[in-house]
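Okay, here's what each chain looks like letter by letter:
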Amino acid sequence: MITSLLIANRGEIACRIIRTAREMGIRTIAVYSDADAKALHVREADEAVHIGPSPARESYLVGEKIIAAAKTTGAQAIHPGYGFLSENAEFAQAVTDAGLVWVGPKPSSITAMGLKDAAKKLMTDAGVPVTPGYMGENQDPAFLAEQAAKIGYPVLIKAVAGGGGKGMRKVDAAGDFIDALASCQREAAASFGNDHMLIEKYILTPRHIEVQVFGDTHGHVVHLFERDCSLQRRHQKVIEEAPAPGMDEATREALCAAAVRAAQAVDYVGAGTIEFIADASEGLRADRIWFMEMNTRLQVEHPVTEEITGVDLVEWQLRVASGEPIPLTQDQLAINGWAMEARLYAEDPAKGFLPSIGTLELFQFPEHLGRIDTGVYEGAEVSPFYDPMIAKVIAYGEDREEAREMLSEMLEDSAIWPVKSNSAFLIAALDHPDFVAGTVDTGLIGRDGEAMTAAPMPSDHALTDAAMALVPRSLQAGFRLNAPDVRIAPFLLDGKRVDVTLHGPGAEEPAPAMLVAESGAVWQLTPWRAAGGTGGGASDGAILSPMPGKVIAVEVAAGDKVIKGQKLLTLEAMKMEHSLTAPFDGVVAQLNAIAGAQVQVEALLAKIEAAE
Ligand code: ADP
C-alpha cells in the first residue's frame with residue numbers, strides 16, 4: 001500500500017481525498033495557488049506545496065509543477081481528483097514516467113474514451129448500444145446535412161472533442177443545420193483545437209443515467225449500480241441521486257452489464273463512469289438507453305453511490321492503485337436505501353446565476369442530518385478563480401422520499417452569508433412536482449426554472465420576529481400580541497426598504513442590525529434609521545457598502561463639509577476599486593469607515609446630513 005499521496009486538486013474533492021487517505025494512515029500532500037493559501041485543503045493536509053499564481057493554467061494545470069512538488073516532498077502517488085488534469089493522458093503518462101503511482105486509469109484508456117466519435121465506435125464494437133447518429137470521418141457540410149436528415153430532426157450536433165456542453169447545438173429543422181454546424185465548428189476549434197463533429201438523434205424526454213464502474217490490475221471489473229443526474233441546468237448537473245427512480249431490475253441489469261462491457265473494452269483500472277442517455281417517454285426501458293460517454297475519473301456525484309453501497313470509492317482507488325484487487329466481488333455489492341446530492345454554488349440565481357465571491361461570514365449546516373463535502377469553512381474566502389461549487393449536500397434515507405425531505409431540510413437549515421448561494425433554488429427544485437414524482441427530464445429547469453430562481457424573501461413572520469429582536473429589551477417588556485399600539489417600522493433589507501408591522505411600543509434606539517435566516521436564505525435587517533435612512537429614504541444620506549470588501553482609503557473626517565459628488569472613501573471589492581461619493585451637499589454627520597477595515601454588504605460607512 002502506498003504511504004504518501006499528493007492531491008493535484010483543490011476544494012471539496014481535495015478535502016474528500018485527504019479524509020480517506022488519513023483514515024488509511026497515508027501521509028497527504030496538498031498543492032495550492034496564491035488564492036488558496038488559506039484554503040481548507042491546505043489546512044487539512046499533512047503538508048502543502050505552493051505551486052504558483054491563482055489562475056489554474058499557471059498552477060493546478062501545470063503538470064511539471066505538480067510532479068516537481070511530489071518529488072520534493074517524497075510523495076509516492078498522485079491523485080488528480082476530477083477536472084484539472086484528471087483526464088489528461090499525457091499527464092498520467094508523465095506521472096508514471098517520473099516513477100510515481102498514478103491514481104487513475106491507464107493513459108491508453110483515457111485516450112480511447114477522450115474523443116466522442118472514437119469512443120462510440122469502440123462501444124459499438126463492444127456490443128454497447130450507442131445513441132443513433134453519424135460519427136464518421138466525412139465532415140463535408142452537405143454530407144453531414146444529409147446524415148442529419150437521415151437521422152431525422154431534431155438532431156444534436158456535438159464536437160467530438162467536446163466537454164461542458166461546448167460545441168454542441170440542438171437543431172430542430174433542416175433549414176437551420178448549416179448555420180448551427182458552422183457555429184459549433186467555430187466554438188470547438190476555439191475551445192478544443194478540433195472542429196470535427198458528430199451528429200446524434202436528439203433524444204426527447206431525455207434522462208441522464210450513469211453507471212459507476214471499477215476495474216483493477218487483476219482483470220476484474222465490477223459496477224456499483226446507477227445514478228440519475230437528469231436535473232440539469234444548461235447540461236450541467238444540479239441534483240443527483242442513486243438509484244434512478246423508476247428503474248426496474250431487468251433494465252438495471254442490462255444497463256450495468258453494458259457498462260461493465262464498456263469498461264472492459266478499454267481495459268479499465270480504477271473508478272470510472274459510463275454515461276447513458278435514456279428516452280424516458282415511456283419510462284426507463286433497456287432498449288431506449290444509449291451510451292453517451294465515459295468519464296475516466298472519480299465523479300463529483302460519487303458520494304450518492306457511496307451512501308447506497310457502503311463503499312468508500314476513494315479507498316478503493318488507493319487500494320487498486322497500490323496493486324490490490326477490488327475489495328468486493330459483484331455478488332457482494334447491493335443497493336441499500338436512497339441517496340441524493342445537491343451541488344451548492346456560490347452564485348445568485350436571481351441574477352442569472354452570477355458567481356458570488358467574498359468572505360463566508362456565515363457558513364453553517366445541520367451536519368447531524370447528513371453528509372457535507374466541502375472545501376470551505378466559515379471565515380474562508382470564495383475567490384473568483386475557480387469553479388463556484390462550495391459544497392455538496394448529501395442526504396440518505398430508507399427510500400427516495402425520506403432522502404428528498406432530508407436534503408430539503410438540510411438546505412433549509414443552512415446559513416450562508418453574505419456570499420449568495422443557490423440554496424433556495426435547490427429547495428425549489430426538490431419541491432417541483434416532477435422531481436417529487438421522479439420523472440425529471442434534462443429540460444425541466446429550462447422550462448420551469450424561472451419560478452425557482454426568484455429572489456427569496458423572508459416571511460412576514462420571520463421578519464417580525466427579527467425586527468422585534470432589534471427592539472431594546474426594556475421596551476419589549478410591554479410587548480403583547482394584538483396590542484393596540486400597532487406600528488409600522490421601516491427596515492433596510494438587501495438594499496431595499498421593507499416595512500415590518502410591530503405590535504408594541506416604539507423602539508427609539510434599536511440595535512444596529514441582525515441577520516434573518518430562513519429557508520436556505522439569509523438577509524441582513526437594519527433599522528432604517530440606524531442605516532442612515534430618513535423616513536422616506538429619498539434624501540437618504542447613508543453611505544452603505546454596496547458589497548463585501550475592504551476600505552482602502554477614507555478621504556474625509558467627521559464634521560467635514562462636502563459637496564455633491566465629492567469622493568468620501570474607496571472600497572476594494574471583487575478585485576476592483578469603487579469610489580463612494582457624497583449624494584448631495586452637506587456635512588459628514590457620522591463616519592464609521594476605517595481604512596484597512598473589512599466591511600459587510602450594506603454596512604453603514606458614513607452618513608451625510610444635508611447642508612442647512
Ligand atoms: P459534454 O461532454 O459537452 O458535457 P455530453 O455528451 O456529456 O456533452 O452531453 C451533455 C448533456 O447533454 C447530457 O447530460 C444530456 O443532458 C444532453 N444530451 C447529450 N446528448 C443528447 C442527445 N442525443 N439527445 C438529447 N440530449 C442529449
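Since the structure is predicted, the reported quantities are computational estimates derived from the model, not experimental observations.

## Re a negative patch on the surface
A cluster of acidic residues, Glu398, Asp399, Glu402, Glu405, Glu409, Glu412 and Asp413, forms a negative patch on the protein surface. Along the chain, the position of glutamate 398 falls in the loop between β22 (389-397) and α12 (400-412). Glutamate 398 gets classed as exposed once you look at its relative accessible area, which sits at 61%.

## A word on the site of the ligand
Taken together, 21 residues sit near the ligand, with Lys116, Lys158, Gly165, Gln232 and Glu293 positioned nearest. Within the side chain of lysine 116, a nitrogen or oxygen atom sits 2.5 Å from an oxygen atom of the ligand. One of the side-chain N or O atoms of glutamate 200 is found 2.9 Å from a nitrogen atom in the ligand. Starting from 550 Å² of accessible surface for the ligand in isolation, the protein chains cover 95%. When contributions to the shell around the ligand are tallied by element, the ones reaching two or more residues are β7 (155-159), β9 (197-201), β13 (270-279) and β14 (289-295). Looking at side-chain class alone, the shell around the ligand contains six nonpolar, nine polar and six charged residues. Here the shell around the ligand spans two domains, since at least three of its residues come from each of domain 2 (132-201) and domain 3 (209-453).

## Concerning the UniProt feature "domain: Biotin carboxylation" (unreviewed entry) in the protein
Mapped onto this numbering, the UniProt entry annotates "domain: Biotin carboxylation" (unreviewed entry) at residues 1-450. For residues 1-450, helix accounts for 34% and strand for 27%, while the C-alpha atoms at its two ends are 51 Å apart.

## Here we look at the packing of helix α1 (residues 11-23) against helix α11 (residues 313-321)
Where α1 contacts α11, the two axes come as close as 9 Å, and the packing angle between them is 65°. In terms of axis orientation, α1 runs roughly perpendicular to α11. α11 is crossed by α1, and the crossing has right-handed handedness. Between α1 and α11, the contacting residues are Arg16, Ile17, Thr20 and Ala21 on the first element and Leu313, Val314, Glu315 and Leu318 on the second. Looking at the contact of α1 with α11, its residues break down into five nonpolar, one polar and two charged.

## Here's the deal with the side chain of arginine 16
Relative to the helices and strands, arginine 16 is located in helix α1. Given the relative accessible area of 3%, arginine 16 is considered buried. Here the side chain of arginine 16 touches glutamate 306 through a polar contact of 2.8 Å, side chain to side chain. Beyond its immediate sequence surroundings of up to four residues, arginine 16 is in contact with His302, Glu306, Asp312, Leu313, Val314, Arg371 and Asp373.

## Some thoughts on the nonpolar core
Residues Leu231, Ile239, Met340, Leu344, Phe363, Leu407 and Leu411 are the most contacted members of the largest nonpolar core, which totals 42 residues. Looking at this core, the elements that each hand over two or more residues are β12 (236-242), β15 (338-345), β22, α12, α13 (423-431) and α15 (444-453). Core analysis: the next-biggest nonpolar cluster, separate from the first, contains 32 residues, Ile26, Ala271, Leu298 and Leu318 among them.

## Topic: the sheet that holds β22
Pairing is antiparallel across the open sheet formed by eight strands, whose spatial order is β14-β13-β10-β11-β12-β15-β22-β20. Unpaired on one side and paired on the other, β14 and β20 (371-374) mark the two borders of the sheet. Put simply, the sheet's adjacent strands are angled 25° from each other on average, direction ignored. In terms of strand pairing, strand β10 (residues 206-215) meets strand β11 (residues 221-233) through six bridges, oriented antiparallel. Bridge pairing in β11 places glycine 215 opposite valine 221. The sheet strands contacting α12 are β12, β15, β20 and β22, and the helix crosses β22 at an angle near 140°.

## As for the sheet that holds strand β28 (residues 542-544)
The four strands lie next to each other as β28-β35-β33-β30, forming an open sheet whose pairing is antiparallel. Two strands in the sheet have a free side with no partner beyond their single neighbour: β28 and β30 (561-562). Here two bridges tie β30 to strand β33 (residues 586-591), and the two strands are oriented antiparallel to one another. Across the sheet, the residue bridging to valine 562 is glycine 586, located in β33.

## So, the packing of aromatic side chains
Evaluation of the coordinates by the stated rule reveals eight aromatic pairs. Between tyrosine 60 and tyrosine 386 the ring centres are 5.6 Å apart and the planes differ by 80°, which places this aromatic pair in the edge-to-face class. Linking tyrosine 60 in the loop between β3 (47-52) and α3 (63-73) with tyrosine 386 in the loop between β21 (381-382) and β22, this pair joins segments that are 326 residues apart in sequence. Across the pair, tyrosine 386 and tyrosine 60 agree in class, each one buried. When the ring of phenylalanine 363 is compared with that of phenylalanine 365, the centres are 5.1 Å apart and the planes differ by 85°; the resulting orientation is edge-to-face. Considered together, phenylalanine 363 and phenylalanine 365 belong to a single accessibility category, that of buried residues. Pairwise contacts between aromatic rings join Tyr60, Phe84, Phe385 and Tyr386 into one cluster. The aromatic ring of tyrosine 202 is capped on one face by lysine 170, whose charged end is 4.8 Å from the ring centroid. Across the ring face of phenylalanine 353, the terminal group of arginine 233 is positioned such that the distance to the ring centre comes to 3.6 Å.

## Side note on the packing of α13 against α15
Helix-helix packing: each pair is described by the crossing angle between the helix axes and the interaxial distance. Axis separation between α13 and α15 bottoms out at 9 Å; the angle between their running directions is 125°. With respect to α15, the axis of α13 lies oblique. For α13 against α15, the interelement crossing comes out right-handed. Across the interface between the two elements, Phe425, Ala428 and Ala429 of α13 pack against Ile445, Met452 and Thr453 of α15.

## A closer look at the pairing of β9
Burial analysis of β9 places four of its five residues in the buried class, which makes it a mostly covered element. Note that strand β6 (residues 133-134) and β9 share two bridges and pair antiparallel. Paired with glycine 133 across the two strands is glutamate 200, which belongs to β9. The pairing of β7 with β9 spans five bridges and is classified as antiparallel. Paired with valine 155 across the strands is lysine 201, a residue of β9.

## Here's the deal with the confidence of the model for the protein
Of all residues in the protein, 93% have pLDDT values of 70 or greater, and the mean over the chain is 91. Across residues 477-484 the pLDDT falls below 50, and counting only partners more than four positions away or on other chains, this stretch makes nine contacts in the model. Segment residues 534-539: pLDDT under 50, and ten contacts once partners within four positions in sequence are set aside and those in other chains are kept.

How each quantity is defined
Residues numbered from 1 in each chain as written. Predicted model: local features only at pLDDT ≥ 70, side-chain atom pairs only at ≥ 80, totals over all residues. Heavy atoms only, no water. Patch = residues over 30% accessible without salt bridge, like charges linked within 9 Å, V, L, I, M, F, W, Y side chains within 5 Å. Areas by Shrake-Rupley, 256 points an atom, 1.4 Å probe, with all protein chains shown as cover. Salt bridge = Lys/Arg side-chain N within 4 Å of Asp/Glu carboxyl O. Lys, Arg positive; Asp, Glu negative; His and termini not counted. Charge placed at Lys NZ, Arg CZ, Asp CG, Glu CD. Helix = DSSP H or I, 4+ residues; strand = E, 2+ residues; numbered from the N terminus. Buried < 20%, exposed > 50% of the residue type's maximum accessible area, 1.4 Å probe, protein only. Near = heavy atom within 4 Å. Polar contact = N/O pair within 3.5 Å; in protein donor to acceptor, adjacent residues only side chain to side chain. Nonpolar A, V, L, I, M, F, W, Y, C, P; charged D, E, K, R; others polar. Domains from an automatic or database assignment. UniProt positions renumbered as here; feature names shortened; annotations may be inferred. Axes fitted to C-alpha atoms, helices over the stretch in contact; angles between N-to-C directions. Parallel < 35°, antiparallel > 145°, perpendicular 65-115°, else oblique. Left-handed = near helix turned anticlockwise from the far one by under 90°. Contact = heavy atoms within 4.5 Å. Core = buried A, V, L, I, M, F, W, Y, C linked by side-chain atoms within 4.5 Å. Pairing = 2+ DSSP bridges. Phe/Tyr/Trp six-rings, centres within 6.5 Å; stacked < 30°, edge-to-face > 60°. Lys NZ or Arg CZ within 6 Å of the ring centre and 35° of its normal. pLDDT = per-residue confidence, 0-100.

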